[in-house]
Amino acid sequence: MTVVCDLDGVIWLADQVIAGAAPAIARLRAGGHRVLFVTNNSFSPVGEVETKLNALGIPAAGDVITSAMASASLVAAGEHVLLLGGPGANDELTRAGAEVVRAEALVGAGELGGPPLPAFDVVVVGFHRTFDYDALRLATLAVRAGARLIGTNDDATYPTPTGPIPGGGSILASVRTGAGVEPVVAGKPYAAMVNLVLSVLGSDGVDLWAVGDRLDTDGRFAAALGAPFVLVLTGVTRPGDSLPDPAPALVVADLAAFASHLVP
């Protein structure tokens with residue numbers, strides 16, 4: 001059996017590890033279950049995510065899939081991409097053969113008296129902390145000139161130890177509004193991520209559990225995979241929050257409780 005496990009809100013909150021998460025992964029693996037980490041956070045490069053997991057005692061080489069990877073699967077080699085996002089998205093788009101320009105490199109482009117805005121095939125929007133009006137302006141101009149709009153993910157918020165902060169979906173919503181175009185979203189629960197995960201799992205993708213902290217992304221992703229959804233209450237969804245009908249297959253306090261359920 002394979003456990004498809006979210007990271008933010010399940011393993012950690014920003015840089016703060018959630019108690020019992022590392023022993024839970026070890027318990028699942030000792031019980032013979034593969035664990036694949038699938039995250040909608042496109043900011044950090046895959047190698048940094050693996051290193052962060054390794055530092056917690058969770059070996060993860062080759063077991064991390066990000067929404068940046070899913071986004072790159074939607075871009076062809078040689079396409080010109082305007083990126084409003086972090087280094088993880090930049091790395092994956094570059095690895096796919098795209099010609100990537102960061103929005104911050106084009107300050108003043110397309111304005112009266114400024115340099116012309118280059119032609120772009122694609123605008124990719126992901127979580128980053130330097131988003132500003134000029135980046136919004138550039139993305140809007142590029143999309144209205146014909147570029148495709150891709151969001152790495154549309155999570156409205158991102159869980160932290162002090163509460164949710166705006167996520168990549170909040171940034172994407174402003175670009176969508178300004179450009180007047182609906183984006184193609186790559187991450188959970190959408191087709192690009194589903195297809196990527198299933199291609200990585202191969203024959204291991206038949207018998208799955210999907211674990212996450214969000215009903216809107218992780219729950220729908222589980223349904224798209226045809227997997228029972230395990231909702232943990234350590235991230236965006238908190239104890240006492242209302243749940244949909246039908247409810248998730250399993251609602252647990254944390255990942256450790258799920259590991260105890262699967263591996264008694």
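In this text the structure is predicted, and so the values were computed from the model without any measurement.

**Q** Would you take a moment to explain the sheet that holds strand β4 (residues 34-39) for this structure?
**A** Strand pairing within a sheet occurs via backbone hydrogen bonds; the two strands may be parallel or antiparallel. One open sheet holds the six strands; their spatial order is β5-β4-β1-β13-β14-β15, and the pairing between them is parallel. Sheet topology places β5 (64-66) and β15 (250-252) at the edges, where each strand pairs with a single neighbour. Between one strand axis and the next, the sheet turns through 20° on average, direction left out of account. Where strand β13 (residues 208-212) and strand β14 (residues 229-232) come together, three bridges link them in parallel fashion. For Ala210, the partnering residue across the bridge sits in β14 and is Phe229. Strands in contact with helix α1 (residues 21-30) are β1 (2-5) and β4; relative to β4, the strand with the most contacts, it is inclined by about 135°. In this fold helix α2 (residues 46-55) packs onto β4 and β5, with an angle of close to 135° to the strand it touches most, β5.

**Q** I keep staring at the sheet that holds strand β12 (residues 184-185) and nothing clicks. Help me out?
**A** Reading across the sheet, the five strands line up as β7-β6-β8-β9-β12 and stay open at both edges, with parallel pairing between neighbours. If you trace the sheet from one side to the other, it starts and ends with β7 (99-102) and β12, each paired once. Along the sheet, helix α5 (residues 133-144) makes contact with β6 (80-84), β8 (122-125) and β9 (148-151), crossing β6 at roughly 150°. Packed onto the sheet, helix α6 (residues 168-179) meets β6, β8, β9 and β12 and runs at close to 165° relative to β9.

**Q** Is there a simple way to think about unusual backbone geometry in this case?
**A** A negative phi angle is the norm for most residues apart from glycine, just as the trans form is the norm for most peptide bonds. Between Lys188 and Pro189 the backbone carries a cis peptide bond, its omega angle lying at 5°. Following the sequence through the fold, Pro189 ends up in the loop between β12 and α7 (191-201). For Ala14, which is not glycine, the phi dihedral falls at a positive 55°. Residue placement: Ala14 occurs in the loop between β2 (12-13) and β3 (16-17).

**Q** For this particular structure, what's the right way to read the nonpolar core?
**A** Nonpolar side chains tend to gather and get buried jointly when the protein is soluble and globular. Counting 30 residues, the largest nonpolar core has Ile11, Leu28, Phe37, Leu53, Leu255 and Phe258 as its most contacted members. Those elements that place two or more of their residues in this core are β1, α1, β4, α2, β13, β14, β15 and α9 (255-262). Top element by residues in this core is α1. It accounts for five residues. Those residues within four positions of Leu53 in sequence are excluded, and the remaining contacts are Leu7, Ile11, Trp12, Phe37, Ile58, Ala60 and Val64.

**Q** Sorry if this is basic, but what is going on with the pattern of salt bridges here?
**A** It is possible for side chains bearing opposite charge to pair when their charged atoms get close. Counted by the stated rule, this structure contains 13 salt bridges. Here Asp63 and Arg29 are joined by a salt bridge, their closest N and O atoms 3.7 Å apart. With Asp63 in the loop between α2 and β5 and Arg29 in helix α1, this pair connects stretches of sequence that are 34 residues apart. The class of Asp63 is buried, set by a relative accessible area of 16%. A salt bridge links Arg137 to Asp134; the shortest N-O distance between them is 2.7 Å. Here Asp134 and Arg137 lie together in helix α5, a separation of three residues that amounts to about one turn. When sorted by exposure, Arg137 lands in the same class as Asp134, which is buried. Within the structure, one salt-bridge network assembled from shared partners comprises Asp6, Lys188 and Asp218.

**Q** Would you take a moment to explain the pairing of β13 for this structure?
**A** Regular strands place side chains that alternate from one sheet face to the opposite one. With five of five residues buried, β13 is to be regarded as a mostly interior element. Here β13 shows two buried faces, one formed by Leu208, Ala210 and Gly212 and the other by Trp209 and Val211. Bridge count between β1 and β13: four bridges; the pairing is parallel. Bridging from a neighbouring strand, Cys5 pairs with Val211 of β13. For the crossover that starts at β13, traverses helix α8 (residues 215-225) and ends in the parallel β14, the hand is right-handed.

Criteria and cut-off values
Residues numbered from 1 in each chain as written. Predicted model: local features only at pLDDT ≥ 70, side-chain atom pairs only at ≥ 80, totals over all residues. Heavy atoms only, no water. Pairing = 2+ DSSP bridges. Helix = DSSP H or I, 4+ residues; strand = E, 2+ residues; numbered from the N terminus. Axes fitted to C-alpha atoms, helices over the stretch in contact; angles between N-to-C directions. Contact = heavy atoms within 4.5 Å. Core = buried A, V, L, I, M, F, W, Y, C linked by side-chain atoms within 4.5 Å. Buried < 20%, exposed > 50% of the residue type's maximum accessible area, 1.4 Å probe, protein only. Salt bridge = Lys/Arg side-chain N within 4 Å of Asp/Glu carboxyl O. Right-handed = clockwise from strand over helix to strand, strands pointing away.

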